[in-house]
Amino acid sequence: DLMADEQSNLPKELSEKYMITKKIGVGVCGEVKLAFERATCKKVALKTINKKDFPASVGTATRSAEREIQILQKIDHPCLIKTKDFFQTDDSYYIFLELMEGGELFDRVKSKQQIKEPIAKLYFYQMLKAVEYLHNNGIIHRDLKPENVLLSSHDDVCVIKITDFNQSKILEESALMRTLCGTPTYLAPEVFTDAVTVGYSRAVDAWSLGVVLFVCLAGYPPFYPDARIGLSVSDQITQGIYTFIPSKWDGISDDAKDVVKKLLRVDPNVRLTIEEALQHPWLMDEAMKETAEGIMYPKDSRDADGTADSGDATVASTGKRSREDEEE
Ligand SMILES: NC(=O)c1ccc2nc(-c3ccc(Oc4cccc(O)c4)cc3)[nH]c2c1
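Because the structure is predicted, anything quoted here is derived from the model rather than measured.

About the thresholds
- Residues numbered from 1 in each chain as written.
- Predicted model: local features only at pLDDT ≥ 70, side-chain atom pairs only at ≥ 80, totals over all residues.
- Heavy atoms only, no water.
- Helix = DSSP H or I, 4+ residues; strand = E, 2+ residues; numbered from the N terminus.
- Buried < 20%, exposed > 50% of the residue type's maximum accessible area, 1.4 Å probe, protein only.
- Pairing = 2+ DSSP bridges.
- Near = heavy atom within 4 Å.
- Polar contact = N/O pair within 3.5 Å; in protein donor to acceptor, adjacent residues only side chain to side chain.
- Areas by Shrake-Rupley, 256 points an atom, 1.4 Å probe, with all protein chains shown as cover.
- Core = buried A, V, L, I, M, F, W, Y, C linked by side-chain atoms within 4.5 Å.

(A) Molecular detail of the environment of V196. Mapped onto the fold, V196 is located in helix 7 (residues 189-197). Its relative accessible area of 52% is what places V196 among the exposed residues. Here the alpha-carbon distance between V196 and Y133, two residues 63 residues apart in the chain, equals 24 Å.

In structure tokens:
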């Protein structure tokens, strides 16, 4: 496990409460280790963010770390990772998170080559519900990928949780919104026409979920470096050029392909929103939703009349946010 010196420069109260062992994941901004709470012997994940890792932009690292921590402590949804504990020193943040025994979706797809369609649909439905919750709370994830989708167990049917809010963005009321609330007597026309396209930053999450769904179903990514394509990955993306390789996609339903096509639309204005994806025929599958709701809101958390205690409590206070809730 940890080298003695690493264990030694941890805050004393952290070492007294937890035993840190092996590395289980590496993020862009730090690493994730397996830890045990000494009092309960329960396993937890420890995400360490070193402030000094980006000397040049130490300000940015700290701000994004603080934003990540702010989001982690505010969110409450069965498909979003929860914080268990938190420590800070001059040069690092230590965030204790619930341990997801099934590991990262990335490794699951790698080991299974392709995820069976009904299971991919169960995972995708949970991702949509998690991102719907984030968007309704004015948060854009901006880094959705299989490495940031964790599985609660080794079983196919399990809860998934989205993690890593290091790249996330919190939507604030914008100057444009305040302008549009005023009297437009002296307002130039382009302010109105520009307003039509502002506020689609959340569409990036829909695109990313399209890529994640593609990878789960097909076992290969839609956009990847390949000399035979003759285009850089960024050109493939900006032109929306990808292939449904028949040998991989033959056994997969047309509805599943249709969701992917409508999420991988280059123009964010016509791309499927999270809400529209939840209404797509592929997701109109009561049996799947029954299974999903059953594992997301296990019966012990249900009250007498069997209704689930909604994980969207926070949303109730803020309700739906219009597209205009975007900073410029
Ligand atoms: N990037 C993040 O913000 C983040 C946040 C939390 C994370 N937890 C894991 C993780 C959890 C369990 C894994 O399998 C194991 C490893 C050891 C024991 C075990 O039971 C399961 C692998 C990765 N990866 C994470 C990444």
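(B) How the structure looks around the pairing of strand 2 (residues 30-37). As judged from the seven bridges shared by strand 1 (residues 18-27) and strand 2, these two strands associate in the antiparallel manner. Paired with G27 across the bridge in strand 2 is G30. Hairpin remark: strand 2 followed by strand 3 (residues 43-50), antiparallel, with five residues in the connecting loop; positive phi at C41, about 60 degrees.

(C) Inspection of the site of the ligand at higher detail. Near the ligand there are 14 residues, and of these K47, M100, E101, E104 and T163 occur at the shortest range. A distance of 2.5 Å separates an oxygen atom of the ligand from a polar side-chain atom of E101. T163 places a side-chain nitrogen or oxygen 3.3 Å from an oxygen atom of the ligand. Computed on the free molecule, the ligand has an accessible area of 550 Å², of which 88% lies beneath the protein chains in the complex.

(D) The arrangement of the nonpolar core in detail. In terms of nonpolar packing, the biggest core is built from 69 residues, with L105, Y123, F124 and M127 touching the most fellow members. For this core, the element with the highest residue contribution is helix 5 (residues 117-136), accounting for twelve residues. Membership of the second largest hydrophobic core comes to ten residues, among which are Y18, I20, V44 and L46.

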